[in-house]
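# A closer look at the structure
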Amino acid sequence: MLVAVLMGSKSDWETMRHASETLDKFGVAHECRVLSAHRTPAATAEYVSKAEERGFEVIIAAAGGAAHLAGVAASHTVLPVFGVPIESASLKGLDSLLSTVQMPSGIPVGTLGIGKPGAINAALLTVAVLAASRPDLRAKLHAYRQAQARTILDTTVP
Ligand code: RP5
């Protein structure tokens, strides 16, 4: 497995399945796990601490509300961690965004946008990182962008 896709609750899966599906499109082997910074702190620390020796190269971590999962994950590894703020019911994800993005200097979390777009972009950014040493993935990224552009240019309105 190259990528760990972590989320704080099963309720985050409806958002994070888009990250998983995007990684699937690129053929990137990944593992999806529910782990919580607050509800399972010891298991989260153990999992992330062992991620490097298990061969993972990137960690995606999604959480909502007081969203500390990505930050806690980043504190236990030097692997790149991309945070996805889940859209919360009460504050529409602004709480998740701020608590994911506002890390103290020294422990970085690359934070994506709220919800589904963030989940997809976390996967695409992960592919871009992996593509630095994998020409096949780099070629797939170019093809993805070209296909996306073609879809826009072929669109007619109304
Ligand atoms: C966070 O609390 C999770 O990431 C989730 O977004 C939010 C709500 O969790 P549940 O109450 O739905 O399990 O830890």
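Our subject in this report is the structure included herewith. Because the structure is predicted, anything quoted here is derived from the model rather than measured.

### Thoughts on the sheet that holds strand 3 (residues 58–64)
- One open sheet holds the 5 strands; their spatial order is 2-1-3-4-5, and the pairing between them is parallel. What marks the edges here is a single partner per strand, and that holds for strand 2 (30–34) and strand 5 (110–111).
- As paired strands, strand 1 (residues 3–7) and strand 2 are joined by 5 bridges and run parallel to one another. Bridging from a neighbouring strand, Val5 pairs with Cys32 of strand 2.
- Relative to strand 1, helix 2 (residues 41–49) is tilted by about 165°, and along the sheet it contacts strand 1, strand 2 and strand 3.
- Along the sheet, helix 4 (residues 94–101) makes contact with strand 3, strand 4 (81–86) and strand 5, crossing strand 4 at roughly 160°.

### Quick word on the packing of helix 5 (residues 116–131) against helix 6 (residues 135–153)
- Contact geometry of helix 5 with helix 6 gives a least axis separation of 8 Å together with a crossing angle of 140°. On the basis of the axis angle, helix 5 is oblique to helix 6. Crossing of helix 5 against helix 6: the hand is left-handed. Along the contact surface, helix 5 presents Ile120, Leu124, Val127, Ala128, Leu130 and Ala131, while helix 6 presents Pro135, Leu137, Arg138, Leu141 and Tyr144.
- Its residues placed into classes, the contact of helix 5 with helix 6 shows 10 nonpolar, no polar and 1 charged.

### As for unusual backbone geometry
- Looking along the chain, the bond that leaves Val157 and enters Pro158 is cis, with omega of 0°.
- Its location among the elements puts Pro158 in the segment after helix 6.
- Unusually for a residue other than glycine, Lys92 sits at a positive phi of about 60°.
- Within the secondary structure layout, Lys92 lies in the loop between strand 4 and helix 4.
- You can call Lys92 exposed: its relative accessible area is 55%.

What counts, and at which threshold
Residues numbered from 1 in each chain as written. Predicted model: local features only at pLDDT ≥ 70, side-chain atom pairs only at ≥ 80, totals over all residues. Heavy atoms only, no water. Pairing = 2+ DSSP bridges. Helix = DSSP H or I, 4+ residues; strand = E, 2+ residues; numbered from the N terminus. Contact = heavy atoms within 4.5 Å. Axes fitted to C-alpha atoms, helices over the stretch in contact; angles between N-to-C directions. Parallel < 35°, antiparallel > 145°, perpendicular 65-115°, else oblique. Left-handed = near helix turned anticlockwise from the far one by under 90°. Nonpolar A, V, L, I, M, F, W, Y, C, P; charged D, E, K, R; others polar. Buried < 20%, exposed > 50% of the residue type's maximum accessible area, 1.4 Å probe, protein only.

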